[in-house]
Structures are given as C-alpha cells and as structure tokens.
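What follows is each chain in one-letter form.
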Amino acid sequence: MDSADQADLQRQLKEMVIEECGLTIAPAAIDDDCDLFAPDSGLVLDSIDALQISMGLQRRFGLRITDPKEFRRRASTIRQMAQSVFESRADQG
C-alpha cells in the first residue's frame, strides 16, 4: 500500500470511528498512533465504542474481529486498523 492509499484509508477509518462512536471532532484530531481507548487519548471511548468500531470495520471494510484480545492487538490505533484492513484485503485476494 503506497503512502497516498495509507493516508486515505486512515482518513476513512477516522471518519468511521467518529461516526460509529458519535464523536464531535474532526478526523485530524485523532492521531494515527494514539491508543484510542487510553484515558489520555481524550476520546473517552469504552467497551461499547469498541463494539461499535468492530461492527463498523466489518460492515465497511469486511474485517471481522470477534476476540477482544485480538481487537486490542489489531485495532487500538488508526494505524493498526489500517494495517489490519490492508492485510485482510490482501488475504481475500
């Protein structure tokens, strides 16, 4: 994935997180490497938000992550989510 594709996918993921979690911030306010669920992220996301994000990933990108530990490993940051989506697309051929 080239840098333009990466940036576009990360923007789409930020928009999805904002929409799924009902946030009222601009996509640029979310850092690509910020742990979305950390208290210092400023996003105040919880387990319900994680479920919403997981469902959004499945609906919009075909990425299904049902195990909570796997979700934390693959979707705690925007950059991790983008990589997971990219890998999922590559696996699907």
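About the cut-offs
Position labels on residues start from 1 in each chain and follow its written sequence. Thresholds applied to this predicted model are a pLDDT of at least 70 for local features of residues and 80 or more for the giving and counting of side-chain atom pairs; totals over whole chains, interfaces and linings are not thresholded and use all residues. Computation of side-chain values: all heavy atoms of the structure, hydrogens and water removed. Salt-bridge detection follows one rule: a side-chain nitrogen of Lys or Arg within 4 Å of a carboxyl oxygen of Asp or Glu. Only DSSP runs of H or I covering at least 4 residues are called helices, and only runs of E covering at least 2 are called strands; the numbering of each starts at the N terminus. Summary of the burial criterion: residues with accessible area below 20% of their type's maximum are buried, those above 50% are exposed, and those between are partly exposed, where the area comes from a 1.4 Å probe applied to protein chains only. Each pair of aromatic rings taken from Phe, Tyr and Trp, with Trp reduced to its six-membered ring, is defined by centres within 6.5 Å and is described as stacked if the planes are under 30 degrees apart, edge-to-face if over 60, and tilted in the remaining cases.

### Examining the pattern of salt bridges
Part 1 of the reasoning: On inspection of all chains with the given rule, the structure shows eleven salt bridges.
Part 2 of the reasoning: The partner of Arg74 in a salt bridge is Glu70, with the nearest N and O atoms 3.7 Å apart. Highlighted residues: Arg74 and Glu70, both in helix H3 (residues 68-75), separated by four residues, approximately one helical turn.
Part 3 of the reasoning: For Glu70, a relative accessible area of 26% corresponds to the partly exposed category.

### Remarks on the packing of aromatic side chains
Part 1 of the reasoning: Summed over all chains, the structure comprises one aromatic pair.
Part 2 of the reasoning: When the centroid spacing of 6.0 Å and the interplanar angle of 65 degrees are considered together, the rings of Phe37 and Phe71 count as edge-to-face. Of this pair, Phe37 sits in the loop between helix H1 (3-21) and helix H2 (47-61) while Phe71 is found in helix H3, placing the two residues 34 residues apart along the sequence. For the pair formed by Phe37 and Phe71, the shared burial category is buried.

All quantities given are derived from atomic positions and should not be read as evidence of function.
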